[in-house]
Amino acid sequence: MVQTWCHVPVADRALLGVADAGGFIELFQLVGAKESPFTLEPFARFALDKQCLALSLDWSTGRAGRASDQSLDIISSNSKGQLHLLKVDAAGPGLQCVATWQAHHFEAWIAAFNYWQTEVVYSAATCCDGATVSRCFSFHTGGDDGLLKGWDTRAPATPVFTSNRHSMGVCSIQSNPHQEGILATGSYDEHVLLWDTRNMVKPFADVPVQGGVWRLRWHPLHGHLLLAACMHRGFRVLNCRQAVEEKQDMCTVSASHKLPNSLVYGADWSWLTFCPLPQPQQLSHVGSFSCGEAGARTEDVEAAGQPPGPSSRSCLTDDMGEGWLKLQIANKTRTSLQPSMEGRKVSSLLHTPGIMICDRDLHVETANTNINLLATCSFYDHVLHLWKWESS
């Protein structure tokens, strides 16, 4: 299952998109108020095809500053190698299929928009058989034939480029939402490639990360920071400033962490930020918790607003000493960055004196953009972790 929030309101509501194992794209709207709990209610549902898995989902709204008249679209891929372009009807529940086409001969693991030219998409699959490459101006896909492809959704019968630059299956693709023309791709071949979308013949940066790259996410504020979920090698925060700004083949690891006996398949940044506390108040608890068992309950995670227990601080520095990750575990003593996994009741305290989590759009002047929240999910232990990283 893939879950992705739309980063712009739809009919004054937040929408969550879900691609599930039943072959459906489902949209849920966040409903509630400060005085009552927030809940997710069904908004729309669309079946991609019969007897298939929905494998990916991306919104056309990834770039900040989206034009008010821009259509709200979704690109999705399935286990039959097909791509589906859907249009969201904001006036009422409904998903309309704009186009469907066969993109790969194997499972299309990923499809993503070019956020700067949303008529362009990319896709990917593994086991490549050789290909030619031409100029891309649409969206990209990745799949199990080992090929990275670009498509113009206005004429999707033939790809505008095909690349076998990755030596194994491409699992992740994301357009840089801050700088036009920058595309990141990740593969089972344990490399992150950065591309100039005006010339998709070869990437301008190649970053080995020592693990299969299942997910890539650009930072919502800092266009040079790239978060990578690297499966058995955990996750890494890549500083690609020189690559993005100067097109140099240079990215450094600002922070990384390897989870023992597990595979990191998901990673993403929070769009929330930290602001000074207006007055002394209780701190919010967020944590690491098991999400793989059917009996897991919300009580397994300590509720926000509970008094903080004794905590210890763990830090991780990168190879260059440029940044560090910090996770504080309530009532546990840890000497390294390893969340406690003793049972399902695990809580971590994100505690920095004098600050609170806030909406950066409402606190532009006071927000501390050097403190970042990110989340990862892992395979074998079925655990979701929430991390705090202070960049230098």
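Up top is the structure.
The structure contained in this document is the topic of the report that follows. (Residues numbered from 1 in each chain as written. Predicted model: local features only at pLDDT ≥ 70, side-chain atom pairs only at ≥ 80, totals over all residues. Heavy atoms only, no water.)

**Section: the overall build of the protein chain**
So, step 1. A tally of helices and strands in the protein chain yields one helix and 30 strands.
So, step 2. Split into buried and exposed, the 392 residues of the protein chain put 52% on the buried side.
So, step 3. Working note: accessible area of the protein chain is about 17700 Å², and carbon and sulfur atoms make up 51% of it. (Helix = DSSP H or I, 4+ residues; strand = E, 2+ residues; numbered from the N terminus. Buried < 20%, exposed > 50% of the residue type's maximum accessible area, 1.4 Å probe, protein only. Areas by Shrake-Rupley, 256 points an atom, 1.4 Å probe, with all protein chains shown as cover.)

**Let's talk about the nonpolar core**
So, step 1. Leu15, Ile25, Leu27, Trp59, Ile74, Val88 and Leu95 are the most contacted members of the largest nonpolar core, which totals 21 residues.
So, step 2. Only β2 (15-19), β3 (24-33), β4 (36-47), β5 (54-59) and β7 (82-88) provide two or more residues apiece to this core.
So, step 3. Setting aside anything within four residues of it in sequence, one finds isoleucine 25 in contact with Val18, Ala19, Ala44, Arg45, Phe46, Leu48, Ala54, Ser56, Leu57, Ser76, Leu86 and Leu95. (Core = buried A, V, L, I, M, F, W, Y, C linked by side-chain atoms within 4.5 Å. Contact = heavy atoms within 4.5 Å.)

**Remarks on the state of the cysteines**
So, step 1. Counted according to the given criterion, the structure contains one disulfide.
So, step 2. Each sulfur of the disulfide joining cysteine 240 and cysteine 251 lies 2.4 Å from the other. Disulfide cysteine 240-cysteine 251: the torsion about the S-S bond is 120°, which places it as right-handed. Of the two residues, cysteine 240 sits in the loop between β19 (235-239) and α1 (241-246) while cysteine 251 sits in the loop between α1 and β20 (252-257), which places them 11 residues apart along the sequence.
So, step 3. Note on cysteine 240: relative accessible area 1%, which makes it buried. (Disulfide = S-S within 2.5 Å.)

**Digging into unusual backbone geometry**
So, step 1. Its identity as a non-glycine residue notwithstanding, glutamine 51 has a phi of 50°, on the positive side.
So, step 2. Positionally, glutamine 51 belongs in the loop between β4 and β5.
So, step 3. By relative accessible area, which is 81% here, glutamine 51 ends up exposed.
So, step 4. Of note, glutamate 190 is a non-glycine position whose phi angle comes to about 70°, a positive value.
So, step 5. Given a relative accessible area of 28%, glutamate 190 falls into the partly exposed group.

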